[in-house]
Amino acid sequence: MISLQAEGNTTAIYEGGAASVALTPLHPIIVRPGAIQAVTGLSKSQALYLEKTEPNFPKRVKMGKRTNGWIYSELQAYFRNLPRI
């Protein structure tokens with residue numbers, strides 16, 4: 001289970017193996033590909049497939065030479081706007 005909450009200058013971090021999600025009040029939450037399943041329930045390959053085929057699925061942002069991830073608020077908005085069945 002992941003619990004992310006920030007108050008004042010506190011920082012909450014979830015670390016799972018090689019993946020991590022960090023939250024600070026001044027920066028967006030970046031979800032690394034290795035942590036996507038813990039955050040959204042999608043496997044890494046499912047998320048990459050949706051990124052290629054689904055026009056509304058958020059695109060990863062580059063954070064460095066070999067580092068990228070999805071902005072957590074964009075993932076939330078995508079799932080919030082999916083039609084209810």
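Relevant structure appears above.
Residues numbered from 1 in each chain as written. Predicted model: local features only at pLDDT ≥ 70, side-chain atom pairs only at ≥ 80, totals over all residues. Heavy atoms only, no water.

Engineer: Break down helix H2 (residues 44-53) for me, citing the residues and quoting the values.
Structural biologist: Of all the positions in H2, only Ala 47, Leu 50 and Glu 51 are classed as buried. Around the axis of H2, the buried residues are gathered within 105° of arc, so they sit on the same side. Across H2 from its buried face, at more than 90 degrees, point the exposed residues Ser 45, Tyr 49 and Lys 52. Where the residues of H2 are buried, they touch helix H1 (36-40), strand S5 (68-71) and helix H3 (72-80). (Buried < 20%, exposed > 50% of the residue type's maximum accessible area, 1.4 Å probe, protein only. Helix = DSSP H or I, 4+ residues; strand = E, 2+ residues; numbered from the N terminus. Arc of directions from axis to C-beta. Contact = heavy atoms within 4.5 Å.)

Engineer: Which residues make up the environment of Tyr 72, and what values do they have?
Structural biologist: Structurally, the position occupied by Tyr 72 is in helix H3. Filtering out sequence-adjacent residues up to four positions away, Tyr 72 remains in contact with Ile 29, Val 31 and Val 39.

Engineer: Give a description of the nonpolar core that names residues and reports values.
Structural biologist: Burial of nonpolar side chains together is a common tendency in soluble globular proteins. In this structure, Val 31, Ala 35, Ile 36, Leu 42, Ala 47, Leu 50, Phe 57, Trp 70, Leu 75 and Tyr 78 together form the largest nonpolar core, which totals ten residues. Of all the secondary-structure elements, those providing two or more residues to this core are H2 and H3. (Core = buried A, V, L, I, M, F, W, Y, C linked by side-chain atoms within 4.5 Å.)

Engineer: So what about the pairing of S5? Which residues, and what values?
Structural biologist: Inspection of the sheet shows strand S3 (residues 30-31) paired to S5 by two bridges, in the antiparallel sense. Opposite Ile 30, over in S5, you have Ile 71 as the bridge partner. One ladder, built from two bridges, connects strand S4 (residues 61-62) with S5; its direction is antiparallel. Paired with Val 61 across the two strands is Gly 69, which belongs to S5. Count of turn residues in the S4/S5 antiparallel hairpin: five residues. (Pairing = 2+ DSSP bridges.)

Engineer: For the packing of aromatic side chains, give the residues involved together with the corresponding values.
Structural biologist: Remark: the centre distance and the inter-plane angle together describe each pair of aromatic rings, the angle taken between the planes. For the coordinates displayed, the defined rule picks out three aromatic pairs. Centre to centre, the rings of Phe 57 and Trp 70 are 6.4 Å apart; their planes meet at 75°, and the pair counts as edge-to-face. Linking Phe 57 in the loop between H2 and S4 with Trp 70 in strand S5, this pair joins segments that are 13 residues apart in sequence. The class of Trp 70 is buried, set by a relative accessible area of 0%. (Phe/Tyr/Trp six-rings, centres within 6.5 Å; stacked < 30°, edge-to-face > 60°.)

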